[in-house]
Amino acid sequence: MASSSSYNSPCAACKFLRRKCMPGCIFAPYFPPEEPQKFANVHKIFGASNVTKLLNELLPHQREDAVNSLAYEAEARVRDPVYGCVGAISFLQRQVERLQKELDAANADLIRFACNEIPAAGLQPAGIPPNLIHANPPPRHRSMEYNRPRIDGNGGGFYQTQSLPYAYPLPWNDNYNPQGGGLDGNF
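Residues numbered from 1 in each chain as written. Predicted model: local features only at pLDDT ≥ 70, side-chain atom pairs only at ≥ 80, totals over all residues. Heavy atoms only, no water.

Under an unreviewed UniProt entry, the chain has the name LOB domain-containing protein and belongs to Dorcoceras hygrometricum. The UniProt entry for the chain carries the following text under Sequence similarities (unreviewed entry): "Belongs to the LOB domain-containing protein family." (UniProt positions renumbered as here; feature names shortened; annotations may be inferred.)

The following block contains the structure:
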């Protein structure tokens, strides 16, 4: 964040605006000569006079964060003129929601399988009342599986989801054996 006078070259803003960079230039600490595209994007989206007004209204310790935010939004607007950084935020939010659903489904599967294995071993899981533990889980709705192609063709085995296949037998298959093993006794 050195001033442009120590390098004897104008800051990126003054160079872009084709004016002499004065020692007290408000742009110099935030738009170094090595980053001309940063100011070009900010100028294109917000305008140099608006950025000058904004920086003059802020306290000196707030200016760097403001310039970084302006530069980020300007670059996002150059890449996506309609949505800008809101498009990136929306994409990330949808991705978080999708991953949260996958995590919830995986946790539900883990709980269901843990509850199925514990009574067979004669142990009671902590925090789960004995009357809620079933040797056989209640059947799940099969409508969810109709849209998923089966990897093997004979009714057992794995289902392919959009992201990852389940690497374990699902208990709601027609061929599921709660004592363990499939039709041939191997899982």
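Now that the structure has been shown, we can carry on.
Asks: Mind laying out the side chain of Asp109, listing which residues take part and the relevant values?
Replies: Turning to its location among the elements, Asp109 is positioned in helix H5 (residues 85-121). Assessed through its relative accessible area of 3%, Asp109 is described here as buried. Within the structure, Asp109 has its side chain in polar contact with the side chain of Arg112 (distance 2.5 Å). (Helix = DSSP H or I, 4+ residues; strand = E, 2+ residues; numbered from the N terminus. Buried < 20%, exposed > 50% of the residue type's maximum accessible area, 1.4 Å probe, protein only. Polar contact = N/O pair within 3.5 Å; in protein donor to acceptor, adjacent residues only side chain to side chain.)

Asks: So what about the nonpolar core? Which residues, and what values?
Replies: Cys11, Cys25, Phe27, Phe31, Phe39, Val42 and Leu55 are the most contacted members of the largest nonpolar core, which has 20 residues in total. Looking at this core, the elements with two or more residues in it are helix H1 (12-17), helix H2 (36-46), helix H3 (48-57) and helix H4 (60-79). Among the elements that take part in this core, H4 stands out by supplying 4 residues, more than any other. Those residues in contact with Val42 that sit more than four places away from it in its chain are Phe31, Gly47, Val51, Leu70, Ala71 and Ala74. (Core = buried A, V, L, I, M, F, W, Y, C linked by side-chain atoms within 4.5 Å. Contact = heavy atoms within 4.5 Å.)

Asks: So what about a nonpolar patch on the surface? Which residues, and what values?
Replies: On the surface, Val82, Tyr83 and Val86 cluster together into a nonpolar patch covering about 320 Å² of accessible area. The topology assignment puts Val86 in helix H5. The class for Val86 is partly exposed, based on a relative accessible area of 46%. (Patch = residues over 30% accessible without salt bridge, like charges linked within 9 Å, V, L, I, M, F, W, Y side chains within 5 Å. Areas by Shrake-Rupley, 256 points an atom, 1.4 Å probe, with all protein chains shown as cover. Salt bridge = Lys/Arg side-chain N within 4 Å of Asp/Glu carboxyl O.)

Asks: Go over the pattern of salt bridges with me, naming the residues and quoting the values.
Replies: All told, the structure shown has 5 salt bridges when counted by the stated rule. For Glu73, the salt bridge goes to Arg77, with nearest N and O atoms at 2.9 Å. Residue Glu73 and its partner Arg77 are both found in helix H4; the two are separated by 4 residues, about one turn of the helix. You can call Glu73 buried: its relative accessible area is 17%. Here Arg79 and Glu75 are joined by a salt bridge, their closest N and O atoms 2.8 Å apart. Here the residue Arg79 and the residue Glu75 both occupy positions in helix H4, the gap between them amounting to 4 residues, near one helical turn. Taking the relative accessible area as the measure of exposure, Glu75 reaches 35% and is therefore partly exposed.

Asks: Talk me through the side chain of Arg63; I want residue IDs and the actual numbers.
Replies: By the element assignment, Arg63 lies in helix H4. The charged side chain of Arg63 is buried without a salt bridge, its nearest counter-charge being Glu57 at 10 Å. With sequence-adjacent residues up to four places away left out, Arg63 is seen in contact with Ile26, Tyr30, Leu55, Asn56 and Leu58. (Lys, Arg positive; Asp, Glu negative; His and termini not counted.)

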